[in-house]
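Structural overview
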Amino acid sequence: MSLVRRALPEDAAEVLRLRQVMIDALPGGDRSTAWHTESLPALNAKLGEADGDFAAFVVDHPDLPGALAALVVGTIDYRIGKAGNPRGLTGYVFSVATDPRARRRGYARACMDELLGWFRERGAGQVMLTASAEAEPLYATLGFVHKPDPTMILKL
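Every value quoted in this text rests on a predicted model; they were computed, and no experiment measured them.

Thresholds applied
Residues numbered from 1 in each chain as written. Predicted model: local features only at pLDDT ≥ 70, side-chain atom pairs only at ≥ 80, totals over all residues. Heavy atoms only, no water. Pairing = 2+ DSSP bridges. Helix = DSSP H or I, 4+ residues; strand = E, 2+ residues; numbered from the N terminus. Contact = heavy atoms within 4.5 Å. Axes fitted to C-alpha atoms, helices over the stretch in contact; angles between N-to-C directions. Expected span 1.5 Å × (residues − 1). Buried < 20%, exposed > 50% of the residue type's maximum accessible area, 1.4 Å probe, protein only. Arc of directions from axis to C-beta. Salt bridge = Lys/Arg side-chain N within 4 Å of Asp/Glu carboxyl O. pLDDT = per-residue confidence, 0-100.

With that settled, the discussion passes to the sheet that holds strand 6 (residues 145–146). Judged by pairing direction, the sheet is mixed, and its seven strands sit side by side in the order 1-2-3-4-5-7-6 without closing on themselves. Strands with a single pairing partner mark the edges of an open sheet, and in this sheet they are strand 1 (4–6) and strand 6. When strand 3 (residues 68–78) meets strand 4 (residues 89–98), the two strands line up antiparallel, connected through eight bridges. Bridged to Gly74 within strand 4 is Val93. Here helix 3 (residues 107–121) sits on the sheet and contacts strand 1, strand 2 (54–60), strand 3, strand 4, strand 5 (126–130) and strand 7 (151–155); the angle it forms with strand 3, its principal contact strand, is near 25°.

In this section: helix 3. The end-to-end C-alpha distance of helix 3 is 21 Å, a good match for the 21 Å that 15 residues give at a rise of 1.5 Å each. Among all positions of helix 3, only Tyr107, Ala108, Cys111, Met112, Leu115, Leu116, Trp118 and Phe119 are buried. Here the buried residues of helix 3 occupy an arc of 165° about the axis, which is enough to place them on one side.

With that settled, consider the side chain of Glu14. With respect to the helices and strands, the residue Glu14 is situated in helix 1 (residues 12–25). Excluding anything up to four places from it in sequence, Glu14 contacts Gly66, Ala67 and Leu68.

What follows is about the pattern of salt bridges. Within this structure, the stated rule accounts for eleven salt bridges. Linking Arg5 and Asp60 is a salt bridge whose minimum nitrogen-to-oxygen distance equals 2.8 Å. Residue Arg5 is located in strand 1, and its partner Asp60 is located in strand 2; the two are separated by 55 residues in the primary sequence. On the basis of relative accessibility, which here comes to 24%, the residue Arg5 falls in the partly exposed class. Of the charged contacts in the structure, one is a salt bridge between Arg105 and Asp63, with a shortest N-O distance of 3.5 Å. One end of the pair, Arg105, is in the loop between strand 4 and helix 3; the other, Asp63, is in the loop between strand 2 and strand 3, and 42 residues separate them in sequence. For Arg105, a relative accessible area of 39% gives the class partly exposed. One salt-bridge network, held together by shared partners, links Glu14, Arg17, Asp99 and Arg101.

All right, on to the confidence of the model for the protein chain then. Across the protein chain, pLDDT averages 93, with 99% of residues at or above 70. Ranking the elements of the protein chain by mean pLDDT puts strand 7 last with 83 and strand 2 first with 98.

This brings us to the environment of Asp149. Here Asp149 shows up in the loop between strand 6 and strand 7. Here Asp149 falls in the partly exposed class, since its relative accessible area comes to 36%. Remark: the alpha-carbon pair of Asp149 and Arg17, spanning 132 residues in sequence, is separated by 29 Å.

The structure is reproduced here in structure tokens:
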């Protein structure tokens, strides 16, 4: 049985908390959290859409009831097709975060595996993300490669 599950509307506040963990780790990241209140209703609605173009996968924190240990979020976007992706569906990964108290347990990898499966099921021809230096080794082991700019891509 997988530790990973699809995030639900009731996870929205925890999803925002982990997104803030990721933002706080970015160079020049804005540590303000006032935006969470305004963001919560839209996120709650998106998490309730089972068949939409947005998905979040999470792991419950094993030591903190009601908290999340890890989060991976993605969306699918349509662009006119091209060689290598004729249907034009591209997955985008963002908000990959692990609670600092739950790192080095494989949670982010497990969530990424679920998200990549979700992209495949929906026919995405490629997946793109922007990698931090700390996360780049994980993405490389999953098959992502560098493009000329800092974005990495995985051909599915």
